[in-house]
Amino acid sequence: MIHDLKTRREFLEFMGLSAAAVGLSGTAASLLSSCASNPTAPAVLAAPPPFEPLAASSADTLGLANGFNAKILLRWDDALNNKGDFWGANNDYLAFFRLNEEGTDGILWSNHESYVPMFVSGRKRGSVATRSQILKEQLSVGGSLVRIKKDPATGEWALVKNDPHNRRLTGQTKIPIISERPIMGSKVAVGTFGNCAGGITPWGTVLTAEENTDDFYGTAVYDEKGKRTIEESVFGWEKFFNYPPEHYGWIVEVNPLTGAAKKLTSIGRYAHECATIRVAKDGRCVVYSGDDGNDRCLYKFIADKPGSLETGKLYAADVANGKWISLSIKDQPKLKAAFKDQTEVLIRCREAAPMVGASALARPEDIEIDPQTGSVYITLTNNQPKGNMFGEILKLEEKNNDPLSLEFTSSTFAAGGPDSQFACPDNLAFDRRGNLWMTTDVSGKDMNRGQYLPFKNNSLFYIPLHGPNAGKAFRVATAPNDAELTGPVFSHDGRNLFLAVQHPGETSKALDQLTSHWPDGGQSVPRSSVVVISGPTLDKLVEGEAIKPLFEMPVLKRS
Ligand code: FEO
Ligand code: CA
Ligand code: CA
């Protein structure tokens, strides 16, 4: 009942509207004022923004709102040491691990999701690669670990070049597969790639999510009788290397101190966007992860024991009925009939989840959990074939706020569209005051065209979760041409935001027809880079007592 809804947000959710949409929409605003008996409602709508938000922009630059500034920390191809390791291409997810209490010395992890072949190996757009070109391309993806320090005098962060912690994981790194049985004859995979978003564990490791791995070694397709064929990939690595697609598409756990990695089959295989952890009362970890594709599913993994993700149970979300459905072959006769064992269910999650009633969602991407309430925020980027062009942020609340619960409720927290001024939400991050930051991912082919025209280049937004502007999106930064802003993560004191600027100029047709020259300008080739954002406006937004994080990350001890 409307009159039982005490807050503005509850009212909006009841109406199926987002606070972000309502904040700027005349129709929705009049709907709110005509229905609301609460005399404070007009004042709510007139609340000033916390800073002057940026307008949308199609300039080939990293635009910033007043009181924010950005410094480049690392760029694609920067040398990490004298051993030949370099910062990879297309930096995406970032995680920071402290090496001192203050958090001014630490190890930064970065995913290197993909690459533009023309920039990395020089092969022309659409041309067939040579083996030597692919060997070069393999080194540009995976992940980087680097020691970074903040200069106490200048407040600026810099790479500690040649530090022993600086190392790479690439498309050539051998990584053990943690599995009940060998997969395609082996318990070792060669390479990690398609590393999109990720997560951190309470014991100080990073989880890197292998997303669109089909682009590298193709897609394994099974017919009704289980006969397997391989559909060819985008990059064509399978022409020179005989590695099975089933070795990719997993969550990979990496120790930031040693670089030791393992592929966790327990969390399933699909186009993993991220792996976001909440710790249950009994100490076991629950991992949320989305499968970024049209009509793909949302998953939750419950570990068997504290301190490990190697074994546990995987579930998929039935959003219509608010239920987590077991993907265990022991619980599901349909899965037992279709797959030969649990490992096969995990390898073929994309087929298994819909079989038992999991919901088809609009590209579930990043997931973050509100440290104050336990609410799970999930970006649903879009579903263009179904006419869903702008996406939304979905809010999921577990029954009794218990991450082990198998029941939940969900609602739209913020809808993309012309009213809210954002489209295609992707990465999320919470700041030290418990407010949300969001980046968008309109694809290069759609950007500045058709229905996406008003949104211009991709952007970074600040979304207060509390107070008069709750749920409203304020644009903080705009990306250079073709780029998306990814991997937002705050420094330990909350006053620096590490942000990846990924794939500027990715739609360029040729090296003499570049669509971006960021960050070096002139006629330079564009380079994905990590920037550090700071400034008086950020200081103001995060000042005050810090919200207790979901879990305390340990200060890592240097080896
Ligand atoms: Fe790699 Fe779904 O973004
Ligand atoms: Ca993403
Ligand atoms: Ca994306």
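Structural data are supplied above this passage.
Every chain is numbered independently, its residues counted from 1 as its sequence is written. In the order they appear in the text, chains get letters beginning with A and ligands get numbers beginning with 1. Reporting of local features is limited, given that this is a predicted model, to residues whose pLDDT is at least 70; pairs of side-chain atoms are given and counted only at 80 or more, and all residues count toward the totals for whole chains, interfaces and linings. In computing side-chain properties, one takes all heavy atoms of the structure into account and sets aside hydrogens as well as water.

(A) Highlighting the packing of aromatic side chains. Only centres within 6.5 Å qualify two rings of Phe, Tyr or Trp (six-membered ring in Trp) as a pair; their planes then separate them into stacked at under 30 degrees, edge-to-face at over 60, and tilted for everything else. All chains considered together, the criterion is met by 29 aromatic pairs. Relative to Trp237, the ring of Phe193 lies with its centre 5.1 Å away and its plane at 75 degrees, an arrangement referred to as edge-to-face. Pair noted here: Phe193 is in the loop between β9 (188–190) and β10 (195–200) and Trp237 is in the loop between β13 (228–231) and β14 (251–254), with a separation of 44 residues, a long-range link. As far as the burial class goes, Phe193 and Trp237 line up, both buried. An aromatic cluster is defined as three or more aromatic residues linked by ring pairs; in this entry it consists of Tyr115, Phe193, Phe216, Tyr217, Phe235, Trp237, Phe241, Tyr243 and Tyr248. We note Arg168 situated over the ring of Phe86; from NZ or CZ to the ring centre the distance is 5.5 Å. Charge over a ring is defined by NZ of Lys or CZ of Arg lying within 6 Å of the ring centre and within 35 degrees of the ring normal. Positioned over the ring face of Tyr222 is Arg348, at 4.0 Å from the centre of the ring. The helix and strand labels rest on DSSP assignments: H or I over at least four residues marks a helix, E over at least two residues marks a strand, and numbering proceeds from the N terminus. Only protein chains enter the calculation, and the probe is 1.4 Å; a residue is then buried if its accessible area is under 20% of its type maximum, exposed if over 50%, and partly exposed in between.

(B) Representation of the coordination of the calcium ion (ligand 2). Coordinating donors are taken to be N, O and S atoms lying within 2.8 Å of the metal, or within 3.2 Å when the metal is Na, K or Ca; because water is excluded from the atom set, some sites may appear incomplete. Glu273 (OE), Glu365 (OE), Asp426 (OD) and Asp426 (OD) make up the full set of protein donors to the calcium ion (ligand 2), lying at 2.2 to 3.0 Å. Read in sequence order, the donor residues coordinating the calcium ion (ligand 2) give the pattern E-x91-E-x60-D. A gap of 2.9 Å separates the calcium ion (ligand 2) and the calcium ion (ligand 3), which Glu365 links by coordinating each metal. One end of the pair, Glu273, is in the loop between β15 (261–264) and β16 (276–279); the other, Asp426, is in strand β27 (residues 425–430), and 153 residues separate them in sequence. Taken as a pair, Glu273 and Asp426 share a single burial class, namely buried.

(C) Seen up close, the sheet that holds strand β33 (residues 529–534). Here, strands pair whenever DSSP counts at least two bridges between them. The four strands lie next to each other as β2-β33-β32-β31, forming an open sheet whose pairing is antiparallel. Looking at strand neighbours, the two that pair on one side only are β2 (69–75) and β31 (484–490), the edges of this open sheet. Strand after strand, the sheet turns through a mean of 25 degrees between neighbouring axes, direction not considered. To get an axis, a line is fitted to the C-alpha atoms, and for a helix only the part in contact is used. The angle between two axes follows their N-to-C directions and goes from 0 to 180 degrees.

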